[in-house]
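Listed below, chain by chain, are the residues.
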Amino acid sequence: MNTKPILFQGWCGSTATNAEFLIQEANFPKDCYFDKLLVAFEGKYNTVIDKDALYACHGYKSLGDLQDSLGKGLRFVSCEYSPLLDRSLYLYEFCSNEEDVILAFPVSGERHLEIYGVTMHGTLVHLYDREFCCK
């Protein structure tokens, strides 16, 4: 029986360079209600991802288009870079009451990725951690 809140499902999209994550809200910590997810991805990807690189490498013109096409139950909100953490931070909000939610995220190079639940009060709760390599 799986009790993890987030599971890596594999590669998706026409270029197979987009990671697919199954978000299982039923497995979130019982005392937490999240209205957003924050993806912290190692490295600086500009304040807004370079649209040409996103399209050339992953097949989409924006993170919103990627999520709308391959994901389910989340909407891309914004992106910014944290020099303190050396992480690009991508914010998504839940937009439906689906039982299982899919996050589609572009991954390339050897990068560390973390996913946090964000409560209505702005508290971050660590849900997932993975080092990606080979893609």
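So, a few notes on the structure that sits alongside this text. (Residues numbered from 1 in each chain as written. Predicted model: local features only at pLDDT ≥ 70, side-chain atom pairs only at ≥ 80, totals over all residues. Heavy atoms only, no water.)

**As for the overall build of the protein chain**
And then number 1: Helices and strands together make up the secondary structure of the protein chain, namely two helices and eight strands.
And then number 2: The order of helices and strands in the protein chain, counted from the N terminus, is β-β-β-α-α-β-β-β-β-β.
And then number 3: In terms of overall size, the protein chain behaves like a compact globule, its C-alpha atoms giving a radius of gyration of 14 Å where 135 residues would be expected to give roughly 14 Å.
And then number 4: Reported as C-alpha extents along the three principal axes, the dimensions of the protein chain are approximately 40 × 35 × 25 Å.
And then number 5: A buried classification covers 44% of the 135 residues belonging to the protein chain.
And then number 6: Nonlocal contacts in the protein chain, meaning residues at least 24 apart in sequence, comprise 63% of its contacts between residues at least 6 apart.
And then number 7: Surface summary for the protein chain: the accessible area is close to 7300 Å², and the carbon and sulfur share equals 50%. (Helix = DSSP H or I, 4+ residues; strand = E, 2+ residues; numbered from the N terminus. Rg over C-alpha atoms; globule rule 2.2 N^0.38 Å. Buried < 20%, exposed > 50% of the residue type's maximum accessible area, 1.4 Å probe, protein only. Contact = heavy atoms within 4.5 Å. Areas by Shrake-Rupley, 256 points an atom, 1.4 Å probe, with all protein chains shown as cover.)

**Things to note about the environment of E25**
And then number 1: On the secondary structure map, E25 appears in the loop between β2 (18-24) and β3 (34-42).
And then number 2: Through-space distance from the C-alpha of E25 to that of V101 is 7.9 Å; in sequence the pair is 76 residues apart.
And then number 3: Discounting chain neighbours no more than four positions away, the residues touching E25 are F94, E98, E99 and V101.

**Concerning the nonpolar core**
And then number 1: Core analysis: the biggest nonpolar cluster contains 27 residues, and F21, I23, Y90, Y92, F105, L113 and I115 have the highest contact counts within it.
And then number 2: Elements that contribute at least two residues to this core include exactly β2, β3, β4 (74-82), β5 (87-94), β6 (100-106), β7 (111-119) and β8 (124-132).
And then number 3: Not counting the four nearest positions on each side in its chain, L113 is found in contact with F21, V39, A40, F41, F105, Y128, D129, R130 and F132.
And then number 4: Membership of the second largest hydrophobic core comes to six residues, among which are L38, A40, L89 and Y116. (Core = buried A, V, L, I, M, F, W, Y, C linked by side-chain atoms within 4.5 Å.)

**A few points about helix α2 (residues 63-70)**
And then number 1: The complete set of buried residues in α2 reads L63, G64, L66 and Q67. Viewed end-on, α2 has its buried residues packed into an arc of 160°, placing them on one side of the element. (Arc of directions from axis to C-beta.)

**Some points on the pairing of β7**
And then number 1: Buried residues dominate β7, accounting for eight of its nine residues.
And then number 2: Taken together, the eight bridges between β7 and β8 define a ladder with antiparallel strand orientation. When the bridges of β8 are listed, Y116 appears paired with H126.
And then number 3: Count of turn residues in the β7/β8 antiparallel hairpin: four residues, of which G122 carries a positive phi of about 90°. (Pairing = 2+ DSSP bridges.)

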